[in-house]
Amino acid sequence: MIEVLRESAGLVASLDVGLCLLLGTLVGMVIGAIPGLTATMGVALLTPLTFDLEIMPALALLVGVYCGAIYGGSITAILFRTPGTPASAATLFDGHPMMRCGEAGRALSIAAWSAAAGGIIGTLLLVFLTPQISRFALSFGPAEFFAMAVFGLSTIVALSGESLLKGAVAAVGGLLLATVGMDPVSGYPRFILGQASLMEGVPFIPALIGLFAVAEVFCARGGGTAGAGAAAEGNLRVPVFPPAADARRCGWTAVRSSLLGTVVGAAPGAGCDIAAFLAYSVARQRARAGERFGEGEAKGIAAPEAAKSGAISGAMIPLLSLGIPGDSVTAILVGAFVLHGVQPGPLLFREHAPLAYAILGIVMLGHVAVLVCSLFTARLMTRALKADPRFVAAGILALSMLGAYAIRGQAADMAVAFAFGLLGVAMRRGGYPAAPLLLAMILGGMAEENFRRMLIVSSGSAAFLFTRPIAAAMLLVSAASVVAGLLRGRARG
Amino acid sequence: MSGTAGVEPGPPGAVSGTSGTAGGAWRLPVLCVAYMAVLPWLGFMSSTALFTAAMLGAMGYRRVGRALAFGLALAIVLHWVFAVWMQVPLPEGWLG
């Protein structure tokens with residue numbers, strides 16, 4: 001074992017690998033920060049560029065892009081309420097309010113360290129528990145995915161904040177939006193208004209861009225991005241280490257969210273966005289008195305950040321141990337691995353152990369590279385807050401429209417972003433929370449598709465659900481959490 | 001547990017912003033609709049530059065030359081990032 005590790009260290013410790021990792025991370029952060037450019041696109045576009053590289057630098061570049069792109073969206077989510085990637089939308093619920101209180105630096109620092117903690121914990125799990133986790137994750141069938149979606153939806157009680165009714169209205173709206181598009185079983189087109197572009201459902205990224213970025217600019221109008229003026233006078237210095245109080249406060253939340261994120265990421269079909277939203281909801285559900293979630297609570301930044309980088313490592317578990325990708329980015333990574341002569345799967349660890357452990361080392365270093373890059377570029381990013389807010393607002397709106405267009409190259413998606421921008425303005429005016437709507441849009445399709453698949457498998461009997469222990473346990477926990485949330489609400493009200 | 005995710009009270013500085021007029025709220029949405037209508041016909045570069053400059057104007061920025069220059073610079077950067085680097089085809093129209 002020692003011999004294997006020494007050999008792996010030799011593969012990782014080279015200047016080329018380090019440079020490629022840093023370069024990949026920086027490129028990834030830019031891609032992640034731009035709405036409309038995703039981690040999947042970045043990795044797919046850079047794969048052909050790695051043809052001429054040795055295998056280790058090539059993998060370092062791609063892993064760097066993956067880690068950087070997943071993190072990069074959070075920077076813009078915190079500073080401009082413009083999530084660059086779906087996963088980073090969960091960070092803005094508390095990250096942006098914290099920035100508006102003049103603590104942009106603190107928010108970025110908490111985000112960067114939580115993401116690094118999540119990634120490192122996830123990679124350690126990957127090293128030591130890969131066989132166990134992959135067995136657990138692969139035991140997920142339609143029943144388990146359905147139960148997971150229900151569990152996620154049950155947290156809406158916690159996400160709703162002041163008015164459970166308004167939260168429920170937003171969630172039902174999200175579920176209705178999730179029914180748009182082709183029926184997952186029969187293929188019948190539903191509510192597509194004659195638009196071919198709605199066949200695959202409401203495009204999620206344009207909707208997200210509209211709901212946050214476009215709505216933010218519309219609401220702020222001549223004032224520029226809301227509160228930017230106050231924030232620019234606040235503390236822009238990004239501390240290298242988060243304040244000790246924050247570290248103590250968020251430590252356990254970050255660890256718990258990393259574990260959650262890793263397991264969710266390992267399940268095929270559930271990626272960073274679901275991990276981040278679930279972790280945020282769980283953190284919020286367990287909030288103690290005095291924690292003001294939605295108004296700049298540090299734990300509300302730590303939980304989704306830790307979970308989504310945990311999910312990156314989690315997605316590597318089935319990829320490396322079984323050759324099965326956990327999400328769309330890892331599906332492209334499989335191709336890149338094969339291109340360089342590595343066949344991911346059970347034989348990788350047995351026959352090419354040094355290489356396998358070197359890849360794990362690169363994943364771990366990728367998260368460290370994100371931490372280093374984010375702390376060094378944070379000053380540059382916060383400087384944008386001092387720019388004329390009108391220019392920032394115009395830039396964000398132009399970029400949002402273009403980003404919505406670019407994701408599929410369809411002009412209709414700009415109209416979706418615009419419509420969701422108006423919806424976002426209306427929801428903010430009426431005091432309707434955005435989180436339940438988004439969560440329902442993410443999970444609605446997953447719940448429906450898996451529920452119906454399960455019914456097909458069990459030839460129409462829902463009792464099948466209770467022969468699957470993991471699914472049954474998740475459903476019981478969801479029921480308990482809804483009841484507990486309602487009771488707590490009644491006790492307070 | 002207090003507070004509501006994703007909903008914030010209206011920013012205190014919004015009304016006292018540089019445009020400050022009560023009727024300003026509809027300007028940016030109208031510009032967006034105009035942009036979507038013009039984009040396939042005029043092309044990405046020119047319509048984005050005009051759209052950005054018009055937005056600056058709508059928000060009360062009165063230096064026309066600078067606004068146009070900013071719009072053009074933004075359009076060039078975005079064109080480079082999306083079309084050249086990420087190879088996303090952008091509408092060309094008759095002015096590019």
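Predicted model only: the values in this text are computed from it and were never measured.

Caption draft 1: Representation of the overall build of chain A within the structure. Across its full length, chain A carries 21 helices and two strands. Compactness check: chain A gives a C-alpha radius of gyration of 22 Å against a globular reference of 23 Å for 493 residues, within 12% of the reference. Projecting the C-alpha coordinates of chain A onto the three principal axes gives extents of approximately 65 × 60 × 50 Å. Each of the 493 residues in chain A was classed as buried or not, and the buried ones make up 61%. The contacts of chain A with a sequence gap of at least 6 include a subset with a gap of at least 24, amounting to 79%. Summed over its atoms, the accessible surface of chain A is roughly 18,200 Å², and 68% of this surface lies on carbon and sulfur atoms. Chain A carries 32 positive and 25 negative side-chain charges, and their two centres are separated by 11 Å.

Caption draft 2: Region of the structure containing the overall build of chain B. If you tally the helices and strands in chain B, you get three helices and zero strands. Secondary structure elements in chain B, listed N-terminal to C-terminal, are α-α-α. Counting only residues that meet the buried cut, chain B has 47% of its 96 residues in that class. Long-range pairs, those at least 24 residues apart, make up 59% of the contacts in chain B between residues at least 6 apart in sequence. Only carbon and sulfur atoms are counted for the fraction: they give 72% of the accessible area of chain B, which is about 4,800 Å².

Caption draft 3: Here's a closer look at unusual backbone geometry. Residue and element names in this part refer to chain A. In this structure, Arg81 takes a positive phi of about 60 degrees despite not being glycine. In this fold, Arg81 is placed in the loop between α4 (55–80) and α5 (89–100). In this model, Phe191 sits at a positive phi of 45 degrees, which is unusual for a non-glycine residue.

Caption draft 4: Summary view of the confidence of the model for chain B. Of all residues in chain B, 74% attain a pLDDT of 70 or more, and the chain-wide mean is 77. The model gives residues 1–22 of chain B a pLDDT under 50, and that stretch makes 60 contacts with residues more than four places away or in other chains.

Caption draft 5: Structural context of the nonpolar core. Counting residues in each nonpolar core, the largest one holds 184 residues, and the members touching the most others are Tyr66 and Met148 of chain A together with Phe82 of chain B. Per-element tally for this core: the top contributor is α4 of chain A, with 17 residues. Sequence-distant contacts of Tyr66 of chain A, defined by excluding residues within four places in its chain, comprise Ala39, Val43, Ile312, Ala315, Met316, Asp327, Val329, Thr330 and Leu333 of chain A.

Caption draft 6: Representation of the packing of aromatic side chains in the model. All names here are of chain A. With the rule as written, the count across this model stands at eleven aromatic pairs over all chains. Seen in terms of ring centroids, Phe146 and Phe451 are 4.8 Å apart; in terms of plane orientation they differ by 40 degrees. Their pairing is tilted. Of this pair, Phe146 sits in helix α7 (residues 142–154) while Phe451 sits in helix α20 (residues 434–457), and the two are 305 residues apart along the sequence. Here Phe146 falls in the buried class, since its relative accessible area comes to 14%. In this structure Phe451 comes out as partly exposed when scored by relative accessible area, which is 29%. Plain terms: the ring middles of Phe218 and Phe418 are 6.0 Å apart, the flat faces sit at 80 degrees to each other, and that makes the pair edge-to-face. Of this pair, Phe218 sits in helix α10 (residues 204–220) while Phe418 is found in helix α19 (residues 412–430), placing the two residues 200 residues apart along the sequence.

Caption draft 7: Layout of the packing of α19 of chain A against helix α1 (residues 27–42) of chain B. Closest axis-to-axis distance for the α19 of chain A/α1 of chain B pair is 11 Å, and the angle between their directions is 170 degrees. With respect to each other, α19 of chain A and α1 of chain B are oriented roughly antiparallel. The segment α19 of chain A lies against α1 of chain B, with Met414, Ala415, Phe418 and Leu422 of chain A engaging Pro29, Cys32, Val33, Tyr35, Met36 and Leu39 of chain B. In terms of residue class, the contact of α19 of chain A with α1 of chain B is built from ten nonpolar, no polar and no charged.

Caption draft 8: Spotlight on helix α2 (residues 44–58) of chain B. Its 15 residues give α2 of chain B an end-to-end C-alpha distance of 21 Å, which sits within 8% of 21 Å, the value for a rise of 1.5 Å per residue. Along α2 of chain B, the positions that sit buried rather than exposed are Phe44, Ser46, Ser47, Thr48, Ala49, Phe51, Thr52, Ala53, Met55, Leu56 and Ala58 of chain B. The inward-facing, buried residues of α2 of chain B abut α18 (389–406) of chain A together with α1 and α3 (64–85) of chain B. Following α2 of chain B by one or two positions, Gly60 of chain B adopts a phi angle in the positive range, close to 95 degrees.

Caption draft 9: Here's a closer look at the environment of Gly366 of chain A. Residues and elements named next belong to chain A. Structurally, the position occupied by Gly366 is in helix α17 (residues 353–383). Given a relative accessible area of 0%, Gly366 falls into the buried group. Between the C-alpha atom of Gly366 and that of Gly18, which follows or precedes it by 348 residues, the distance is 9.5 Å.

Caption draft 10: Quick peek at a positive patch on the surface. A cluster of basic residues, Arg237, Arg379, Arg383 and Lys386 of chain A, forms a positive patch at the surface. You can see Lys386 of chain A is positioned in the loop between α17 and α18.

Caption draft 11: Molecular detail of the side chain of Ser321 of chain A. Residue and element names in this part refer to chain A. With respect to the helices and strands, the residue Ser321 is situated in helix α14 (residues 298–322). Overall, Ser321 belongs to the buried group, its relative accessible area being 11%. Within polar-contact distance, the side chain of Ser321 engages the backbone oxygen of Ile317 at 2.7 Å. Look past the residues within four positions of Ser321 in its chain and what remains in contact with it is Thr130, Ser134, Gly345 and Pro346.

Caption draft 12: Focus on the packing of α10 of chain A against α20 of chain A. Residues and elements named next belong to chain A. It is the contact of α10 with α20, at a shortest axis distance of 12 Å, that shows an interaxial angle of 180 degrees. Here α10 is positioned roughly antiparallel relative to α20, judged by the angle of their axes. On α20, the residues touching Phe204, Ala207, Leu208, Leu211 and Phe212 of α10 are Ala434, Leu437, Leu438, Met441 and Ile442. By residue class, the composition of the contact of α10 with α20 is ten nonpolar, no polar and no charged.

Basis of the calculations
Within each chain, residues carry numbers counting from 1 in the order of the written sequence. The naming scheme follows written order: chains are lettered A onward, ligands numbered 1 onward. This being a predicted model, a pLDDT of at least 70 is required before a residue's local features are given, and a value of 80 or more before pairs of side-chain atoms are given or counted; all residues contribute to the totals for chains, interfaces and linings. Note that water and hydrogens are dropped before the side-chain values are worked out from all heavy atoms of the structure. Working definition: helices are DSSP H or I runs of at least four residues, strands are E runs of at least two. Numbering for both runs from the N terminus. For this measure, only C-alpha atoms enter the radius of gyration; the expected value for a globule follows 2.2 Å times N^0.38, where N is the number of residues. Burial status follows relative accessibility: with a 1.4 Å probe on protein chains alone, a residue under 20% of its type maximum counts as buried, one over 50% as exposed, and anything between as partly exposed. We call two residues contacting when some pair of their heavy atoms lies within 4.5 Å. Using a 1.4 Å probe, the Shrake-Rupley method yields the accessible areas, and only the shown protein chains count as cover for residues. Charged residues are defined narrowly, with Lys and Arg counted positive, Asp and Glu counted negative, and His plus the chain ends left uncounted. We put the charge of a Lys on NZ, of an Arg on CZ, of an Asp on CG and of a Glu on CD. Per residue, pLDDT measures the predictor's confidence, with a range of 0 to 100. Here, nonpolar core refers to any group of buried Ala, Val, Leu, Ile, Met, Phe, Trp, Tyr and Cys residues whose side-chain atoms link them within 4.5 Å. Pairing of aromatic rings covers Phe, Tyr and Trp, the last counted by its six-membered ring, and requires centre-to-centre distances within 6.5 Å; plane angles under 30 degrees mean stacked, over 60 mean edge-to-face, and any other angle means tilted. To obtain an axis, a line is fitted to C-alpha atoms, over the contacting stretch when the element is a helix, and the angle between two such axes runs from 0 to 180 degrees between their N-to-C directions. Any angle from 65 to 115 degrees is called roughly perpendicular, while one under 35 is roughly parallel, one over 145 is roughly antiparallel, and all others are oblique. Here the term charged refers only to Asp, Glu, Lys and Arg, the term nonpolar to Ala, Val, Leu, Ile, Met, Phe, Trp, Tyr, Cys and Pro, and the term polar to all other amino acids, Gly among them. Expected span of a helix, by definition, is 1.5 Å for each gap between consecutive residues, and there is one gap fewer than residues. Exposure above 30% relative accessible area and the lack of any salt bridge qualify a residue for a patch; like charges then connect within 9 Å, and the nonpolar side chains Val, Leu, Ile, Met, Phe, Trp and Tyr within 5 Å. A side-chain nitrogen of Lys or Arg and a carboxyl oxygen of Asp or Glu constitute a salt bridge if their distance falls within 4 Å. Any pair of nitrogen or oxygen atoms within 3.5 Å is treated as a polar contact; in protein, a donor-acceptor pairing is required on top of that, and neighbouring residues in sequence qualify only through side-chain atoms on both sides.

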